[in-house]
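Remarks on the overall topology
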Amino acid sequence: MASELSCVKCPREENEIVHVDCVTHKYPDGTEGIHNMCFRVFPREIVALCGPNGAGKSTLVEHINGLMLPDVGRVKVFGLDIDKRNVSTIRKMVGLVFQDADSQLFSPTVLDDVMFGPLNLGLPLDEARKRAEWALNIVGIKEVNKIPHYLSGGQKRLVAIAGVLAMQPKILVADEPTGDLDPSNAQMIEDLLRSLRDQHGMSVVVTLHDLDMAARLADRICIVKDGSIVAEGEPQNLLYDEKLLQSAGLQLPTVARIVKDLGFVLPPEKRPLTLDQLLPLLTKFKMTG
Amino acid sequence: MAHIHLEDGAFSLPWLALWSLLAAGVIALSLFVLRKGGMTTRKLAVAAMAASVGFAASQIDIPVFGGLHLNFTPLIGILVGPALGSLCALVINVFGAAVGHGGWGMIGANTLVNALEIVLGYYSYRLMRGRLKTGRFTSGFSATAFALIISALVVAGIVIVSGIQDSQQTGEEALPSMTVLIAANMLTGIIEGLATGYIVSFIGRVRPDLLEESEAERTEGMAMVVAKGRANV
Amino acid sequence: MVHRINPWTKGVLLIFTVGLATVLTDIWILLFLLALSIAFYAAARLPLGVLIGWWTLPVVFVVTLTVMFMFTEPGEQLLTFDVFGKRISITDNGIMLVVKLLVRALAVVTVSLTLFMTTRYTHIAHMAFRTLPGTLANMFILSYRFMFETSDEISDVLDAMHSRSGSLARGFSRQTKIFAGIFGLSFVHAFERAERIAKAMEARGFAGQFPRTERVPLPSYGGCALIALAAVAFAIATYSRYFAGGPLGW
């Protein structure tokens, strides 16, 4: 059972909806997946967890959904302390999309798979079907009677997201949502995640290696290293801190690298994060020589 | 694995009913044991995957001695245990029947034979690793070969006892045919034993925790490999 | 038309087909049963070429396992020849035995294929949940779903092996090691997939029973009539075989 350790470095903040409060999780063989982890999620934001393999990102996100329970510390979701008795309530509020889409599509057809979650929530068949169709509409999948195995990689990812959306969670957690996708499918996922925040009022937590995507997508970035969050802040600050990123086994995103290589020194609020934001700067640079 | 590659109509109704009832009893016992021990989502998923691999593997033609088909039932027993393994045997046989690989009416007899292979494979492997402390290859090979040799005799026994419908041969007259069947199944059993020995060694190097079910104690090496796998999250 | 028949009706018809194939002994009645099963298949407008393809497996099984009976079954000798100085004969009863076994097998396989090719998977899943214990039904659903992945993975690994001339590897030991590695990898991947699936299921609220996404109504009056007809045929066949006289077993 997790101890009620009071954590000074991780005070409660107003309007937070998820609070991972100094959580440590040890695996059965003794290795620590996360150590003294302090993490928050706020309403209507996209927060990116960035870090190398083995940093503890996936372990952290599995705590938010209640798949793992902490050995030390606690996790609160909408004020509820996660424990064995209330995981089913937590999973209604926090949806988790895993990295491997194939292993999440375990029903014979796309529609069946997306209905899985709502039916487990106890919804009647008709209501579950409506929810599934709604979710599939949001992600833009029309092949509802197809066997999931025969979908493309991007489609599988979208169906996996739909399967979670159909449960109408307030928070969507996506573990490497664009990991092995081609650029066009990755863009589709990125646009979808943005629309979930903007049009559906959800909070989204994504784990990413791709800092370019983090730069485009995230409102807030957390750098994860060796089981803890070593830095947290706005993308304009963190994604331009080369030393910090390198210490966490990451590299500057493309836009930041171009800005650095061109020798620009910019205050945080003027630092471009996307190519669209960089273009005016380059144009100005070209004009002024 | 031994498999009575007979289609529907080979056995008469009373024998079909008898083997089916016995198989139903074995399945019921397996379900009871699982319920008592607690059926988790992980166990369900593991059993389902083992069954799907077992079935898929049985469709592969291995180019040894003109072509062999292996089902790895003793291996399934080693990996998932006798209770879950028996359920896997039923699933594999039902899928097989659906594609004409054995009759629907033969599911009972085939499940009995495969469940026997699973149980013998599991307990022999456990004995060899736990008490006799033999290596994984030797234990896997010996347990599988033993299980399949016994099951080859059982298959022949089932066929002799049940008789083939419309055959006018007595049991003694059918013995030469059964001898060929026994010999073929035993030879396949030896080959499958070798394959299982290699597979168990492979699994033991890559994911020794998957052999927890049948190995008496976890070794330090096993814990370290698990740790390495867990660290990559 | 067959696609619209209630899945329960088709399932029960399959059971009675197995029963009739088991109980009937007269070759002409068995041939009639086979003809009926082919007609059932054809009524579903399913391709005959596919049926012939599926028939290969049961034919191979029956022939390879009962071929010896053609020579050892007592009866009138039709063909005799010498093999290594020994005289062996093919008898009429031996051939009839093999033919009857073939006809029985093909009748059942035909009806079985018709059932699975004309029934939606969700209906089969519903029937599984209604007739089997929950654990077993769950296992069937999951195993079926991931059979595609497993088969593809094994195919991919075999292709990779062939692309590196693995099939040219000579020797029993080497071939066995290669295939053992392939199957070992498949088992390891299957277990790892199982762990991920279990997590994904729990994350979406799985509580031990796969929810059913479709309901299958009970058979209509027409379906019940078909079932009743099959039941009567089976009852008559069984009675005439076992109660009006006839051997059991050998």
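The numbers attached to residues start from 1 for each chain and follow its sequence in the written order. A letter from A marks each chain and a number from 1 marks each ligand, given out in the order of writing. Where totals are concerned, whole chains, interfaces and linings use all residues; where local detail is concerned, this predicted model gives features only for residues with pLDDT of at least 70, and gives and counts side-chain atom pairs only at 80 or more.

1. Observations concerning the overall build of chain C
Per the convention used, a helix needs a DSSP run of H or I reaching at least four residues, while a strand needs a run of E reaching at least two, with both numbered from the N terminus. Along its length, chain C carries eight helices and two strands. In this treatment the radius of gyration is a C-alpha quantity, and the globule benchmark scales as 2.2 Å times the residue count to the 0.38 power. Relative to the globule expectation of 18 Å for 250 residues, the C-alpha radius of gyration of chain C, 24 Å, shows a markedly less compact shape. Dimensions of chain C along its principal axes, counting C-alpha atoms only, are 65 × 60 × 35 Å. Once C-beta atoms are placed from the backbone, each residue is buried if 20 or more other C-beta atoms lie within 10 Å of its own, exposed if 12 or fewer, and partly exposed for counts between those two. Here chain C, with 250 residues, has 39% of them falling under the buried criterion.

2. Structural notes on the nonpolar core
To form a nonpolar core, buried Ala, Val, Leu, Ile, Met, Phe, Trp, Tyr and Cys residues must be joined through C-beta atoms within 7 Å. Grouped together as the largest cluster of nonpolar side chains are 228 residues, with contacts concentrated most on Ala48(A), Val114(A), Ala162(A), Ala47(B), Ala50(B) and Cys88(B). Leaving out residues up to four positions away in the same chain, Ala50(B) has contacts with Ile76(B), Leu79(B), Val80(B), Cys88(B) and Ala190(C). Placing a C-beta atom from the backbone of each residue, one calls two residues in contact when those atoms lie within 7 Å.

3. Focus: the environment of Ala184(B)
Relative to the assigned elements, Ala184(B) resides in helix α7 (residues 175–206). With 32 residues separating them along the chain, Ala184(B) and Ala152(B) place their C-alpha atoms 8.6 Å apart.

4. Section: the pairing of strand β10 (residues 228–233) of chain A
Each regular strand shows side chains that alternate between the opposite faces of the sheet. Residue and element names in this part refer to chain A. The sheet contact formed by strand β9 (residues 220–225) and β10 spans five bridges and is antiparallel. Bridged to Val224 within β10 is Ile229. For two strands to pair, DSSP has to find at least two bridges joining them. The hairpin turn running from β9 into β10, its antiparallel successor, is two residues long, and Asp226 in that turn takes a positive phi close to 50 degrees.

5. A few points about the interface of chain C and chain B
A common way to state how big an interface is: give the accessible area lost once the parts meet. The partner chain B presents 67 residues to the 65 residues of chain C that form the contact. Among the secondary structure elements, those contributing two or more residues to the side of chain C that touches chain B are α1 (7–23), α3 (48–72), α4 (92–118), α6 (134–163) and α7 (172–203) of chain C. Sorting elements by how many residues they give to the side of chain C that touches chain B places α7(C) first, with 21 residues. Classifying every residue of the side of chain C that touches chain B gives 41 nonpolar, 17 polar and seven charged. Any residue outside Ala, Val, Leu, Ile, Met, Phe, Trp, Tyr, Cys, Pro, Asp, Glu, Lys and Arg is labelled polar, Gly included; the first ten of those are nonpolar and the last four are charged.

6. Digging into the environment of Leu266(A)
Residues and elements named next belong to chain A. By the secondary structure assignment, Leu266 is in the loop between α10 (254–261) and α11 (275–288). Given 12 C-beta atoms within 10 Å, Leu266 falls into the exposed group. Once you skip the residues sitting within four places of it in the chain, Leu266 turns out to touch Val259 and Arg271.

7. Regarding the sheet that holds strand β1 (residues 18–26) of chain A
Residues and elements named next belong to chain A. Ordered by their spatial adjacency, four strands build an open sheet running β2-β1-β4-β5, and the pairing between neighbours is antiparallel. The open sheet has two edge strands with one neighbour each: β2 (32–41) and β5 (80–81). In the sheet, β1 pairs with strand β4 (residues 72–77) via five bridges, with the strands oriented antiparallel. Note on β4: the bridge partner recorded for Asp21 is Arg74. Here helix α1 (residues 57–64) sits on the sheet in contact with β1, β2 and β4, set at roughly 120 degrees to β1. Only C-alpha atoms enter the line fits that serve as axes; for helices the fit covers just the stretch in contact. Angles between N-to-C directions range over 0 to 180 degrees.

8. Observations regarding the sheet that holds strand β6 (residues 94–97) of chain A
All names here are of chain A. Strand order in the open sheet made by the six strands is β6-β7-β8-β3-β9-β10, with mixed pairing throughout. The open sheet has two edge strands with one neighbour each: β6 and β10. With direction set aside, neighbouring strand axes in the sheet form an average angle of 20 degrees. In this sheet, strand β7 (residues 171–175) lies alongside β6 in parallel orientation, the contact comprising four bridges. Within the sheet, the bridge partner assigned to Val94 lies in β7 and is Ile171. In this fold α1 packs onto β3 (46–50), β6, β7, β8 (203–208) and β9, with an angle of close to 155 degrees to the strand it touches most, β8. Set on the sheet, helix α5 (residues 153–165) makes contact with β6 and β7; between it and β6 the angle comes to about 165 degrees.

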